[in-house]
Every structure is written in C-alpha cells, then in structure tokens.
Amino acid sequence: MKTQLLPSVHSYPAPVVLIGCGTVEEPNIITCSWFGTVCSEPPMVSVSIRKNRYSYKPVHISGEFTANLPRSTDIEVVKYCGTKSGRDVDKFEALGLTPIPCPPLKSAPMIAECQLVLACKVKHELELGTHQIFTAEVVAIHCGEERARKSQRPDPKPEEQIVYLDGKYWGLHRLEV
Ligand SMILES: Cc1cc2nc3c(=O)[nH]c(=O)nc-3n(C[C@H](O)[C@H](O)[C@H](O)COP(=O)(O)O)c2cc1C
C-alpha cells in the first residue's frame, strides 16, 4: 500500500554545475543543478534556467554557455553563485575567479580555475513553466592537467563531484558490485 502525494520531481541526485555566460568582459556565473545529459551523439546536455535569473538573457541571446564542474572544495563558490545575482555583483571579481575565452565559443567565458569545462552551444530552448530548458551540444571539453587522460575522456573524479539533493549538498561513493 502506497500513499499518493502531490506531484513533484524526485529523480535524485542532481549534479551541481557552474554555468558561465555573458562575455569575458562582462561575465557571469549561475549555479545550476537542473542540469543533465540528454544525448551521446552528438554529445548534448540540458540546463533549465528561470527567466528571471540575470543569466537567462545572455544564454538566450548568445546561444552559448559553459558548464564548469566544481570540486567539493568549491562549495563556497557554488553557494555564492547560487544566491547572489549578477545584477548586483561581479561574481568573478568577488570570488577572485578568472574569466577566459572558451573556444570554439564566441562569447561565453569559462572559469580558468575549474579543471573540467564543457563548451556548450544551444540547440533548442523550450518554455516549460517555471524554467526555460536549453538543450545544447557540447562542442569542446577543456580539461586541466589534473583531469587529463590519454583517452579523449577526462577523468570524472567522482570523489570531487557535488550533487544536490533535498536542499543539501552531497558527495558520491562507489557501490562495490
Ligand atoms: C544548488 C543550487 C542549484 C540551483 N539550480 C538552479 C537551476 O538549475 N536553475 C535556475 O534557474 N536557478 C538555479 N539556482 C538558483 C540560482 O543559482 C540563483 O538564483 C542565482 O543567484 C541566479 O544568479 P543570476 O541572477 O546571476 O543569474 C540554484 C541555486 C543553488 C544554490
């Protein structure tokens, strides 16, 4: 016997990424966890952003963003970029982060300090309700030495991933199966 509850989304956990948008001169970062893998060939991800976020317009207009993967030690950056708005503060400056070009993207900057960055070009935008969903092709991966491997696939370093679940931050551990 189960209890029927009101509908809401519970497909846990949600990965935490730092979305870079705007330009190198006027950059912004928004923390997003409504982020996911949606296709392997071409490689595509999705991110859902509310229209009232300062970051919405730059992504909508430029059709570009970067998905910078934070490490568990970056939790203060994640919290800051998830509570402050680019309308009021330059998050890069406030956090001492460096916006640099993310080729082949034309405008969206990546965070130099992040070890794994996906360069994303928007393919579709759909109005869902509270959020706009962008699907985007990953057109390049920028990987620091820490994450580089001989294969074209970066080291995922699962022990460094941050996931969001029920309003709290969590890490991952491997199941020995
Ligand atoms: C862990 C976490 C996950 C978040 N995920 C999203 C998300 O997926 N989409 C979204 O629109 N806002 C999300 N937010 C809220 C934005 O990050 C927050 O409103 C931010 O201040 C917006 O910045 P901006 O106005 O500079 O765009 C999240 C916040 C946190 C802390």
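Heads up: the structure comes first, above all this text.
Caption draft 1: Quick peek at the sheet that holds strand E12 (residues 168-170). Read across the open sheet, the three strands follow the order E1-E11-E12; overall the sheet is antiparallel. A single partner strand is all that each edge strand has here, and the edge strands are strand E1 (14-15) and E12. Two strands pair when backbone bridges link them, and E1 and strand E11 (residues 163-165) are joined in this way by two bridges, in the antiparallel orientation. When the sheet's bridge partners are listed, Pro15 is paired in E11 with Val163.

Caption draft 2: Region of the structure containing the sheet that holds strand E9 (residues 116-127). Reading across the sheet, the seven strands line up as E3-E2-E6-E9-E10-E5-E4 and stay open at both edges, with antiparallel pairing between neighbours. Both edges of this open sheet fall to strand E3 (27-32) and strand E4 (35-39), since each of them pairs with a single strand only. Strand-to-strand twist in this sheet, taken as the mean axis angle between neighbours without regard to direction, amounts to 35°. Note: strand E2 (residues 17-22) against E3, six bridges, orientation antiparallel. Among the inter-strand pairings, Val17 is bridged to a residue of E3, identified as Cys32.

Caption draft 3: Spotlight on the pairing of E2. Buried residues dominate E2, accounting for six of its six residues. Between E2 and E3, which pair antiparallel and follow one another directly, the connecting turn spans four residues. Where E2 and strand E6 (residues 64-68) come together, three bridges link them in antiparallel fashion. By the bridge assignment, Leu18 is partnered in E6 with Asn68.

Caption draft 4: Looking closely at the pattern of salt bridges. Under the definition given, this model contains seven salt bridges. A salt bridge links Glu127 to Lys51; the nearest nitrogen and oxygen atoms lie 4.0 Å apart. Residue Glu127 is located in strand E9, and its partner Lys51 is located in the loop between strand E5 (44-50) and helix H1 (56-62); the two are separated by 76 residues in the primary sequence. Classification of Glu127 as exposed rests on a relative accessible area of 56%. For Lys51, a relative accessible area of 45% puts it in the partly exposed group. Of the charged contacts, one joins Glu160 and Arg147 as a salt bridge, the two residues approaching to 3.5 Å between their closest N and O atoms. With a gap of 13 residues between them, Glu160 in the loop between strand E10 (131-143) and E11 and Arg147 in the loop between E10 and E11 connect regions that are remote in the sequence.

About the cut-offs
- Residues numbered from 1 in each chain as written.
- Predicted model: local features only at pLDDT ≥ 70, side-chain atom pairs only at ≥ 80, totals over all residues.
- Heavy atoms only, no water.
- Pairing = 2+ DSSP bridges.
- Helix = DSSP H or I, 4+ residues; strand = E, 2+ residues; numbered from the N terminus.
- Axes fitted to C-alpha atoms, helices over the stretch in contact; angles between N-to-C directions.
- Buried < 20%, exposed > 50% of the residue type's maximum accessible area, 1.4 Å probe, protein only.
- Salt bridge = Lys/Arg side-chain N within 4 Å of Asp/Glu carboxyl O.

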